[in-house]
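The chain contents come next:
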Amino acid sequence: MERQNQRIQVVLKLKAPILTNTSGAINFGLDAAMRRDRQQRPAFPGTLIKGNLRHAWQELHKITGSPTTAFIDKWLGQASSTDKETPEEGLLDFAEFWSDLDWQAERGNGKRYRIAIDKGIGASAAGDMQVLDSPYNTGEAPLFTGFIEAFIDSTKEAELPRWIDKGLSFIPAIGALKTSGFGKVEGVEVTLAKVDDAPRPLDETLANAAVIGLRIKPSRPFCFAKPRVGTGNNFQTENHIPGGAIIAAVARRIHQEPGKWSLLEQYLDLLSFSHAQPVREGSNNRPLQIPLSLIAVGGRFIDITAQGKAEPINGIAPLFSIDWKDKESKAARLILDPSLKEDDDTAPSTCLEIRTAIDPKTGTASESQLFSMEEVIPDGFDWLCNLSLGRIKDGDRKGLVEELHKLFQRTLTHLGKTKARAIVTMEPGYPYTLGEQQITGEVVSIYLQSPARLLPTGFQSQGTNRGDRLHAAYADAWQELSGESLSLNHFYAQQQLLGGRHWWKRFAPAEQNYHPELFTTAGSVFVLKIENGKRERAMTFLERWRRDGLPQLMDAPGGERWQNNPWIAANGYGEIAIDLKTPQTDREGTAND
């Protein structure tokens, strides 16, 4: 039987009082508040349900030998035993919230009081009173509903719903203060149903397109952690969805049904996924990175890409983005996206989740397992990705597009640290919010839209007074990448080190010491000159880069496969725009709009 996306619907009947702590700010006068979903209904996070189910299965295994550890690891995942190993992700996907669907907002919130007793005097200890949020009266039995999805053959794996029922029924209580009588589990109801994803027609214009747009709509907050900043137990998120995460989610789906996706299996290494950038819901234009050549001067913005050096304009010293305040940054966004209004949000909001592992023996937080995670809230936003099929044989492109369309009929899963789900729609490729001009002259401006590895391995330069060495390194890079058809005139660029423990342990050779990679940041601008007699060759490279992203230098480590090298164009790095229609200045520095 063909594997299908099955939804295991679960209803938990709990006896009040009930509490599962929320993180972040709570109402004045409370010491602990009940967790709520986005509709403000009392709810348990799916991660809590998953953790309790794991503990229940592990206890049942100790007592009866079943379920087996292989069964538990298959469905709930397994942590890696060494830094070099990849953790095994579980096949079960838990709903973000398990909520009281019958909750009525007008019920209001009650309070419950607890005190500590001083053993010496047998009376309440001074100051040891706790005020709890208590949405239910003692003895009430609300129903909390959630689901678990899995891509399974329901006939061969019929024991899964039965073991979920057994595991959840084995849990005596759930949530905070369960050792004090809170959250008693009084009943569990489990039902199995096939998930019918709504079919979406394929746009016939995409059949032979070289670039396809992917509109991604996450259904829950997500986190793609930046390289470690601050303390090791705090994860700060990017607000884009990395191209590497998208291709990995697609690969995961392919591996679930080997043999079904013949063209995708053949060509997956030749696809290039750009980073998916957030836009207001329904928008069809991808946002631009603020170019480092854009300056604020005299109350206006000017792109000085054409100038070889920064100089005062009409006697006024320019302000580059590194010196801007929020006012200038917001105004620059309006310049780069004419469709925005002054009060429009250009980035989705975030929230902070605080989590910890629970010790199954004590039912309390495990020692040194607390961490916080910043999450992007997707409400009101779409994420737009451009997928390049430029390296696919013309005769296979149509079939590949049809396979992609069929694959995206089901929700894409396991995105980022929260294992977010997302609906993906295929559309024509997305242009930038500002257009790109036709290349007519002998000078071309390259605007980096994502970081790129453009400097040789091991490159080092003094922080100041060695611009000549940096210029020479970039000049060599552009000569190599363009087959000596383009030479560097000047540039506006910043560099950053990327790497970190995860990259070093997973991707670097075993014998290599830690050496972070030096990248040129998004927003950097390079002005290139087409060499005499090599225009046709240069144009071939430029159009290929615009479509697929920049390739790697010959000495760049890691190879050309997206699984082994996170920094390549297939994973969203090296995306460029060419000759953007931004505010310009002429060679003498006079402003032209």
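These figures come from a predicted structure and were not determined experimentally. Starting afresh in each chain, residues are numbered from 1 along the sequence in its written order. Totals for whole chains, interfaces and linings use all residues, but because this is a predicted model, local features are given only for residues with pLDDT of at least 70 and pairs of side-chain atoms are given and counted only at 80 or more. The basis for every side-chain value is the complete set of non-hydrogen atoms in the structure, without hydrogens or water.

1. A look at the packing of aromatic side chains
Consideration 1: Pairing of aromatic side chains requires ring centres within 6.5 Å, counting the rings of Phe and Tyr and the six-membered ring of Trp. Pairs whose planes differ by under 30 degrees are stacked, by over 60 edge-to-face, and all others tilted. Tallied over the full model, the rule gives 22 aromatic pairs.
Consideration 2: Look at Phe 71 and Trp 163: their rings are 6.5 Å apart centre to centre, the planes differ by 55°, and that puts the pair in the tilted class. Placement of Phe 71 in helix α2 (residues 69-76) and of Trp 163 in helix α3 (residues 159-170) is noted, with a sequence separation of 92 residues between them.
Consideration 3: Judged by relative accessible area, Trp 163 falls into the buried class, the value being 13%.
Consideration 4: Where Trp 103 meets Tyr 136, the ring centres are 5.6 Å apart and the plane angle is 75°; that geometry is what we call edge-to-face. Of the two residues, Trp 103 sits in the loop between β6 (97-99) and β7 (110-118) while Tyr 136 sits in the loop between β8 (123-134) and β9 (143-152), which places them 33 residues apart along the sequence. Put simply, DSSP H or I for four residues or longer makes a helix, DSSP E for two residues or longer makes a strand, and each gets a number counted from the N terminus. In this scheme, a residue with accessible area under 20% of its type's maximum is buried, one over 50% is exposed, and one in between is partly exposed, where area comes from a 1.4 Å probe on protein chains only.

2. Section: the sheet that holds strand β22 (residues 443-448)
Consideration 1: The strand order across the open sheet built from four strands is β23-β26-β22-β27, with neighbouring strands paired in antiparallel fashion. Two strands close off the open sheet at either side, each with one partner strand: β23 (486-492) and β27 (576-578). Within the sheet, the average angular offset between the axes of one strand and its neighbour, ignoring direction, is 30°.
Consideration 2: Strands were regarded as paired on the criterion that DSSP finds at least two bridges between them. Here β23 runs beside strand β26 (residues 525-530); their pairing, made up of six bridges, is antiparallel. Counterpart to Ser 487 in the pairing with β26 is Lys 529.
Consideration 3: Across the sheet, helix α8 (residues 467-481) is in contact with β22, β23 and β26; its angle to β23 comes to roughly 140°.
Consideration 4: Here a residue-residue contact requires only that any non-hydrogen atoms of the pair lie within 4.5 Å. To define axes, lines are fitted to C-alpha atoms, for helices over the stretch in contact only, and angles between the resulting N-to-C directions are given on a 0 to 180 degree scale. The strands touched by helix α10 (residues 535-548) are β22, β23, β26 and β27; relative to β27, the strand with the most contacts, the crossing angle is about 135°.

3. Quick notes on a nonpolar patch on the surface
Consideration 1: Distance thresholds for patches are 9 Å for like charges and 5 Å for nonpolar side chains (Val, Leu, Ile, Met, Phe, Trp, Tyr), applied to residues having over 30% relative accessible area and no salt bridge. Each accessible area value is a Shrake-Rupley result obtained with a 1.4 Å probe; residue values ignore everything except the protein chains displayed when judging cover. Each salt bridge in this description consists of a side-chain nitrogen of Lys or Arg and a carboxyl oxygen of Asp or Glu lying within 4 Å of one another. There is a patch of nonpolar side chains on the surface, built from Tyr 113, Ile 115, Ile 117 and Met 129 and spanning about 450 Å² of accessible area.
Consideration 2: With three residues, the top contributor of residues to the nonpolar patch is β7.
Consideration 3: In this structure, Ile 115 sits in strand β7.

4. So, the environment of Gly 299
Consideration 1: Mapped onto the elements, Gly 299 comes out in the loop between β15 (294-297) and β16 (300-303).
Consideration 2: In this structure the C-alpha to C-alpha distance between Gly 299 and Glu 328, which are 29 residues apart in sequence, comes to 9.2 Å.

5. A closer look at unusual backbone geometry
Consideration 1: The omega torsion of the bond from Ala 16 to Pro 17 falls at 10°, within 30 degrees of zero and hence cis.
Consideration 2: At the junction of Ser 66 and Pro 67, the peptide bond is cis and its omega measures out at -5° in the coordinates.
Consideration 3: We note that Leu 177 has phi near 60°; this positive angle belongs to a residue other than glycine.
Consideration 4: With respect to the element layout, Leu 177 can be found in the loop between α3 and β10 (184-194).
Consideration 5: Positive phi is not limited to glycine here, since Asp 579 has a value of about 50°.
Consideration 6: With respect to the element layout, Asp 579 can be found in the loop between β27 and β28 (584-585).
Consideration 7: A residue is classified by how much of its surface remains accessible, and Asp 579, at 11% relative accessible area, is buried.

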